[in-house]
Each structure stands twice: as C-alpha cells, then as structure tokens.
Amino acid sequence: MQESFLIFVTKISLYPTIIFTGLMIFVTLYWLISLLGMADMDAVDVGDAGADSDLLSAGFVSGLLLKFGLYGVPLIIILTLISVIGWVLSYIYTSFLHQWLEPGVLYYVLGTGALVLVLVISMWLTGIIVSPIREKFAKIPKRIAANNIGKIAIVRTLSVTDTHGEAELSDGGAGLILRIRPDSDSSQPPLKQGDRVVLVEYLSEANTYRIAPVKDE
C-alpha cells in the first residue's frame, strides 16, 4: 500500500502532471475558502459574448476563453473542470510514456508538447460541459433580481468591501448566495459576517446587489 502511494505521488509530481496537480490544489483550497465565506465563488467572471464578439479586441487570455466557449459561468467552475480533466489526461500520459524517459531535452520537449495538447483538449471539453448550463446561469440573476429588492439577507463573508462580499438570502429552499457591495455612505460601520442587510439595488453589469445595513430597532 505504501509503495503504491509513493508511486502515485511520484507520477503526479512529474512534468507536466505537476502543473495540473498544482492547479488542483489551488482550486480545492479556493472552494474550501469559499465555503468558509472568506472569498466570492464567482469573484471573477469571464463575462459573456455574442456570436459577433471581436476576439482580437479582447485580451489574449479572455479571447482564448471566449474562443473555447468558456464564458457565462463563474471562472472558478471553469478552472475546476480544466484542472480535473487536464490532471486525468496528463496522469495517463505520465503513467504510460513519460515516466520511462530520462530527464533531458527530449523529456521536456515531449512534456511541453503534451502539456499544450492536454490543455487544449481540457478547454475544449470544458467548453462542451459548460455550454448547456451557461444560459441557466445567465437567466437566474435576471429572473430573480427584481423580486429580491427589499429583502433581508445575512452576510456570510468575514467582511464586505467594494470588491468583495457575499450574503445568503433565504428563499424557502436551499437559499441563495448573492454577491453584495456596500452603499456609498462612508459613515456606516463596516459590515461583518452575520450582519443583517437589506438589498436595495441590483447592479446587472456586475451581477451584484447594493446593500444597506438593517438598523436594530
């Protein structure tokens, strides 16, 4: 058992699998931090794109993501899928071929070629996976935004700033996790986890809610 574990650790530490192993560790930690309320799950969005989007006008990374259809869902979901698929494919490559090569020029040339190929395949498969759920992500905020204005939510992150913050809104089911930002009144005390806030405005472009603290009577 111990020998098998050591072999497994060795394989996932070989190039190029080590790249996806590191990415897997990153997304796992991010999900854990998000569940603890210390980060927004969808803090970074790729955004949306129409059929006539000009990829040349976008940044290289954004243009590449749009090219593969990796938009319209939280970036952490895209990274998670790419890392899992890439890790599996690179692990297969390492197990059947790469582990038999001695470190050297050929080792890294073939490994780099495999890394690029695995990354392309992973992005392509991820685009296929997120395609059916993209429209659902796009429709949810538009459908519920107006109905949520005026409702009371509970802050779930440790703090709420102009760039970070989430609140949980009870909807009679599992509850909704909403991105929130404080109002512009600097005289208000900082919000913290557990505070009750009222949703006063929906910012559609940022998919966030402007909130105000609920004053205790």
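Residues numbered from 1 in each chain as written. Predicted model: local features only at pLDDT ≥ 70, side-chain atom pairs only at ≥ 80, totals over all residues. Heavy atoms only, no water.

1. What to know about the overall build of the chain
What counts, and what does not: Secondary structure counts use DSSP, requiring at least four H or I residues in a row for a helix and at least two E residues in a row for a strand, with both numbered from the N terminus. Residue burial is assigned from relative accessible area. The probe radius is 1.4 Å, only protein chains are included, and a residue is buried under 20% of its type maximum, exposed over 50%, and partly exposed in between. The contact rule is simple, with two residues in contact once any of their heavy atoms fall within 4.5 Å. Each accessible area is a Shrake-Rupley result for a 1.4 Å probe, and residues are judged covered by the shown protein chains and nothing else.
When its secondary structure is counted, the chain shows 5 helices and 5 strands. If you list the helices and strands of the chain from N to C, you get α-α-α-α-α-β-β-β-β-β. In the chain, buried positions account for 35% of the 217 residues. Contacts in the chain between residues at least 24 apart in sequence constitute 65% of all its contacts with a sequence separation of at least 6. Of the accessible surface of the chain, which amounts to about 13200 Å², a share of 66% is contributed by carbon and sulfur atoms.

2. Considering a nonpolar patch on the surface
Convention followed: A patch consists of residues whose relative accessible area exceeds 30% and which take part in no salt bridge; residues with like charges are grouped when within 9 Å of each other, and nonpolar side chains (Val, Leu, Ile, Met, Phe, Trp, Tyr) when within 5 Å. The term salt bridge refers to a side-chain nitrogen of Lys or Arg lying within 4 Å of a carboxyl oxygen of Asp or Glu.
On the surface, a nonpolar cluster with roughly 480 Å² of combined accessible area is contributed by Ile25, Leu29, Leu32, Ile33 and Leu35. Its location among the elements puts Ile33 in helix H2 (residues 17–35).

3. A short note on H2
What counts, and what does not: An expected span of 1.5 Å times one less than the residue number is assigned to each helix. To obtain the arc, one takes the directions from the helix axis to the C-beta atoms.
Across its 19 residues, H2 extends 27 Å between first and last C-alpha, which sits within 8% of the 27 Å expected from 1.5 Å per residue. Those residues of H2 lying buried are Thr17, Phe20, Thr21, Val27 and Ser34. Taken end-on, H2 shows its buried residues confined to a sector of 155°, consistent with a single buried face.

By themselves these figures say nothing about function.
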